[in-house]
Amino acid sequence: MDLGLRGRRALITGASQGIGAATARIFAQEGCDLLLTARSAERLGALRDEIAAAHGVNVTVHPADLEKRGAAEQLAEEVGDIDILVNNAGVIPGGDLWSVDEDAWRQGWELKVFGYVNLTRLVVERMKARGRGVVVNDIGNAGERLDADYICGTTGNAALIAFTKAMGGQSLTKYGIRIVGVNPGPVATDRMPKLLKKRAQDWYGDESRWQELLERYPLGRMATPEEIANAIVFLASDCSGYTSGAILTIDGGITSRNSIV
């Protein structure tokens, strides 16, 4: 299916691995030119070379730490006008209110919550001048399935859901810009074993039992990064051109059955 994305410019944060890298590859398959940012210049360079060789699209990399003040402004200036922004960078620690201290809480929100807000503000301001554009926020189902054992993440994700709905509810009619979100459940990325080990330690007193938690997931597995990335790319396309202020939850039904896993 041709999504009509050929020749558009997509900026993806947290693009060096996981959902971000999978999203970059699928955008490239659709003929998008890519602007990729993450902390690791080495990983970004390897991904750039791989994608450019496979798909013949333009790929530029912009190593940056969006947790730092002024980084979003510098990045926005470097990339110039873009058609699509995918906010994906973010690492929020697991744990309850007493195991996540203030420094860890603020550090997690600086990248994911404020990072999303700041970059959206800057990019949408440029999109407004052209009267078109799309922002897709990769958030997480913990913002719906509230979880005291992931208190920092569940609260931050809930804030980003509200941000996405509030902005997207008016951005299309006022500016011609769509703002949408996806809420993945557990995804098979490098980060998940760390979170599951923390939960296994909290629940069972033994972090080595983390793989037992997989039995609680639909189909006995986590989602693949590609399953999330395909949805992100579709939402960014004109095939989803009447979608704004909406959140797509992709978790195999976990949130609908309201269970903690």
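Note that this is a predicted model, so its numbers are computed, not measured.

Chemist: Where do I start with the overall build of the chain in this structure?
Modeler: For the chain, the helix and strand inventory stands at nine helices and seven strands. Each of the three principal axes of the chain carries a C-alpha extent, and together these read 55 × 40 × 35 Å. Taking all 261 residues of the chain together, the buried fraction comes to 51%. Restricting the contact set of the chain to residue pairs at least 6 apart, pairs at least 24 apart contribute 73%. For the chain, the exposed area adds up to about 12100 Å²; of that, 50% sits on carbon and sulfur atoms. Here the chain contributes 29 positive and 33 negative side-chain charges, whose respective centroids are spaced 4 Å apart.

Chemist: Please explain the packing of aromatic side chains as it appears in this structure.
Modeler: Where two aromatic rings form a pair, the distance of their centres and the angle of their planes describe that pair. Counted under the stated rule, the structure contains two aromatic pairs. Aromatic pair Trp-105 and Trp-109: ring centres 6.1 Å apart, planes at 40°, arrangement tilted. With Trp-105 and Trp-109 both in helix α4 (residues 102–111), this residue pair falls four residues apart, about one helical turn. Ring centres of Trp-203 and Tyr-204 lie 6.4 Å apart, and the angle between their planes is 80°; this geometry places the pair in the edge-to-face category. For the cation-ring pair, Lys-128 lies above Tyr-175, with the distance from its terminal atom to the ring centre recorded as 4.7 Å. The ring of Tyr-204 carries the charged tip of Arg-209 above its face, separated from the ring centre by 4.2 Å.

Chemist: Could you clarify how one ought to interpret the sheet that holds strand β5 (residues 133–138) in this entry?
Modeler: Paired through backbone hydrogen bonds, the strands of a sheet run either parallel or antiparallel to each other. Strand order in this open sheet of seven strands is β3-β2-β1-β4-β5-β6-β7, and the pairing throughout is parallel. Either end of the sheet is taken by a strand with one partner, and the two such strands are β3 (59–61) and β7 (247–250). Averaged over all pairs of adjacent strands, the angle between strand axes in this sheet comes to 15°, irrespective of strand direction. Where strand β2 (residues 33–37) lies against β3, three bridges are found, and the strand directions are parallel. Residue pairing for β3: Leu-35 is matched across the bridge by Thr-60. Contacts from helix α2 (residues 41–55) reach β2 and β3, with the element oriented near 175° to β3. On the sheet, helix α8 (residues 225–236) packs against β4 (84–87), β5, β6 (177–184) and β7 and is oriented at approximately 165° with respect to β6.

The rules we used
Residues numbered from 1 in each chain as written. Predicted model: local features only at pLDDT ≥ 70, side-chain atom pairs only at ≥ 80, totals over all residues. Heavy atoms only, no water. Helix = DSSP H or I, 4+ residues; strand = E, 2+ residues; numbered from the N terminus. Buried < 20%, exposed > 50% of the residue type's maximum accessible area, 1.4 Å probe, protein only. Contact = heavy atoms within 4.5 Å. Areas by Shrake-Rupley, 256 points an atom, 1.4 Å probe, with all protein chains shown as cover. Lys, Arg positive; Asp, Glu negative; His and termini not counted. Charge placed at Lys NZ, Arg CZ, Asp CG, Glu CD. Phe/Tyr/Trp six-rings, centres within 6.5 Å; stacked < 30°, edge-to-face > 60°. Lys NZ or Arg CZ within 6 Å of the ring centre and 35° of its normal. Pairing = 2+ DSSP bridges. Axes fitted to C-alpha atoms, helices over the stretch in contact; angles between N-to-C directions.

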